[in-house]
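Structural overview for review
So you can see what is in the structure, the chains are spelled out below.
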Amino acid sequence: MSELEVDVVVIGAGPVGENVADRAHQQGLSAAIVESRLVGGECSYYACIPSKALLRPVDLYAATQRMPGVAQAVSGAVDAEKVLARRDAFAGEDDSGQADWLSGAGITLLRGHGRLAGERAVEVAHPDGSTTSVAARSVVVATGSVPVFPPVEGLDTVNAWTNQEATQVKEVPASLVILGGGVVGVEMATAFRGLGARVTLVQHSDRLVPATEPEAGRRLHASLTASGVDVRLSTSMTAVRRDGGDVVATLDDGTEVRAAELLVAAGRRPATSDLGLETVGLEPGTHLAADDTTTVQGDWLYAVGDASTGAQLTHMGKYQARICGDVVVARSRGAELGGRYSHHATTAEHTAVPQVIFTDPQIAAVGYTEAGARDAGLTVRAVSYEIGNVAGGSLQADGYDGFASIVVDTDRGVVVGATFVGQDVADMVHAATIAVVGEVPLERLWHAVPSFPTMSEVWLRLLEAYGL
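As the structure is a computational prediction, the values presented were derived from the model and not from experiment.

What follows covers the overall build of the protein. Along the backbone of the protein there are 15 helices and 22 strands. Radius of gyration (C-alpha) of the protein: 24 Å, near the 23 Å computed for a compact globule of 468 residues. Based on the C-alpha atoms only, the size of the protein along its principal axes is roughly 65 × 65 × 40 Å. Counting the 468 residues in the protein, one finds 50% classified as buried. Long-range pairs, those at least 24 residues apart, make up 63% of the contacts in the protein with a sequence separation of at least 6. Only carbon and sulfur atoms are counted for the fraction: they give 50% of the accessible area of the protein, which is about 20,000 Å². Treating the 34 positive side-chain charges of the protein as one cloud and the 57 negative ones as another, the clouds have centres 3 Å apart.

Where strand 1 (residues 2-11) lies against strand 6 (residues 131-141), 9 bridges are found, and the strand directions are parallel. By the bridge assignment, Ser2 is partnered in strand 6 with Thr132. Sheet topology places strand 1 next to strand 2 (residues 31-35); 4 bridges connect them, and they run parallel. Counted as the bridge partner of Val9 is Ala32 from strand 2.

Before going further, it helps to spend a moment on the sheet that holds strand 13 (residues 256-259). As summarised here, the arrangement of the 3 strands in space is 11-12-13, forming an open sheet in which the pairing is antiparallel. Each end of this open sheet is capped by a strand with a single partner; those strands are strand 11 (237-243) and strand 13. Neighbour-to-neighbour, the strand axes of the sheet open up by a mean angle of 20°, direction not taken into account. Where strand 11 and strand 12 (residues 246-251) come together, 6 bridges link them in antiparallel fashion. Residue pairing across strands places Arg242 opposite Val247, the latter belonging to strand 12.

Taken from the UniProt record, the annotation "domain: FAD/NAD(P)-binding" (unreviewed entry) applies to residues 7-320. In residues 7-320, the share of helix is 30% and the share of strand is 25%. The end C-alpha atoms are 19 Å apart.

All chains considered together, the criterion is met by 3 aromatic pairs. Seen in terms of ring centroids, Trp161 and Phe192 are 5.8 Å apart; in terms of plane orientation they differ by 45°. Their pairing is tilted. Of the two residues, Trp161 sits in the loop between strand 7 (145-147) and helix 6 (163-167) while Phe192 sits in helix 7 (residues 183-194), which places them 31 residues apart along the sequence. Overall, the relative accessible area of 10% leaves Trp161 in the buried class. Pairing Phe420 with Trp459 gives two aromatic rings, centres 6.1 Å apart and planes at 55°, and the pair type is tilted. Here the residue Phe420 occupies a position in strand 22 (residues 414-422), and Trp459 occupies one in helix 15 (residues 458-466), the gap between them amounting to 39 residues. The same class applies to Phe420 and to Trp459, which are both buried.

The next point concerns helix 9 (residues 314-332). Compared with an ideal rise of 1.5 Å per residue, which puts 19 residues at 27 Å, helix 9 spans 27 Å between its outermost C-alpha atoms and is within 8% of the ideal. Directly after helix 9, the chain includes Gly334, whose backbone phi takes a positive value near 70°.

This part covers the pattern of salt bridges. When the charged atoms of two side chains lie near each other, side chains of opposite charge can form a pair. Throughout the structure, instances matching the rule amount to 29 salt bridges. Between Arg120 and Asp299 there is a salt bridge, with its nearest N and O atoms 2.8 Å apart. Here the residue Arg120 occupies a position in the loop between strand 4 (113-116) and strand 5 (121-125), and Asp299 occupies one in the loop between strand 16 (295-297) and strand 17 (301-303), the gap between them amounting to 179 residues. With a relative accessible area of 27%, Arg120 lands in the partly exposed category. Notably, a salt bridge pairs Glu215 with Arg218, separated by 3.0 Å at the nearest N-O pair. Of the two residues, Glu215 and Arg218 both sit in helix 8 (residues 214-227), 3 residues apart, roughly one turn of that helix. Several salt bridges converge on common partners, so that one network encompasses Glu215, Arg218, Arg219, Glu386 and Asp401.

Rules behind the numbers
- Residues numbered from 1 in each chain as written.
- Predicted model: local features only at pLDDT ≥ 70, side-chain atom pairs only at ≥ 80, totals over all residues.
- Heavy atoms only, no water.
- Helix = DSSP H or I, 4+ residues; strand = E, 2+ residues; numbered from the N terminus.
- Rg over C-alpha atoms; globule rule 2.2 N^0.38 Å.
- Buried < 20%, exposed > 50% of the residue type's maximum accessible area, 1.4 Å probe, protein only.
- Contact = heavy atoms within 4.5 Å.
- Areas by Shrake-Rupley, 256 points an atom, 1.4 Å probe, with all protein chains shown as cover.
- Lys, Arg positive; Asp, Glu negative; His and termini not counted.
- Charge placed at Lys NZ, Arg CZ, Asp CG, Glu CD.
- Pairing = 2+ DSSP bridges.
- Axes fitted to C-alpha atoms, helices over the stretch in contact; angles between N-to-C directions.
- UniProt positions renumbered as here; feature names shortened; annotations may be inferred.
- Phe/Tyr/Trp six-rings, centres within 6.5 Å; stacked < 30°, edge-to-face > 60°.
- Expected span 1.5 Å × (residues − 1).
- Salt bridge = Lys/Arg side-chain N within 4 Å of Asp/Glu carboxyl O.

Here's what the structure looks like:
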């Protein structure tokens, strides 16, 4: 057994873990990072990057069909083979570049499975059978999450896809049934339908992406249906089997769905089952409950990303990671930690989590939904406006179908949530994020003049609808 002593050791070398180690190391601490799979993590190889590489051509093709003069020039269907080749250019399964980056940054990479071995100690089991014992002043868990498999009879016998198989697919199947209508489910339904597959989506609740505003789910449902996706809401899968190579799924209404492949997109759970959490009095397999400083226990154990209790989004995990690195550095120097909206608090987790769902239409949102704000005890008023009714929207696409809404805390006169639905709205959400984080009074926001003719003019219409 070899031994290593560092200031901070991070278990998990995804983008979140990399950011913790780099942030701490850049400020003078020695850092090591442990990874049992690919450096760069789920996001780089099986999630954010490859999924968006699959979705962008489909999105672009759909946009051309709403533009006279361009629609006539774009004939045929999306070339799936070229799309998959471009995906491979973004997300292969070679992590040498990422590993080289760690080395160049001065961060020690330990390949193997890391487990806590008591307070401030991690043991790494390497693939060659050797072991490294790491002593660290701070230990950070950044192990991410793994897919959830619901209790469906036969599910463990049919070689169902997860996001990994879906985003790394070598050829587009003729047909696909998707279990789950959350973000992964609707994005992959959009991608595979756009690439030519027949798609059936089975969702147990009565609407898609239920964490968003209800109208967002309704419009997405209508669009997917119009594109040819067979959407089954308020429906559960009770059993599944292989028959002649195909998957046959039995639904709770007694019907059966046959497809070449099955994608399970029914949520994720923290990858904390085999981390030695029991050695420090914590329960394996659970989310690690971190406070706003990302601290789980004492002044030495931290958790960030999907392993923690925050939003399961790469950008939010990286935000937590930067704060975690700063907290670790501050404590190493005996410095006092700052409060709300300082470099030492994950305040945005409570007030301003942004997300984009890259479907057609795109859904971009930040902060509270109207229902969420009321559940949080806020007195709010929500207003909405059709993006197609502003000049920028009508120029963006013929028959532009989309809307924007804001949720206003009427006691303080500030925006606490916003949602944008429609073609090309992904980048509109950051202006709303700034408004929410900055708690900009509506009277001041009135003086943020949107350029004409852009879709951002919807901000003016929203404020007018509110009564300014």
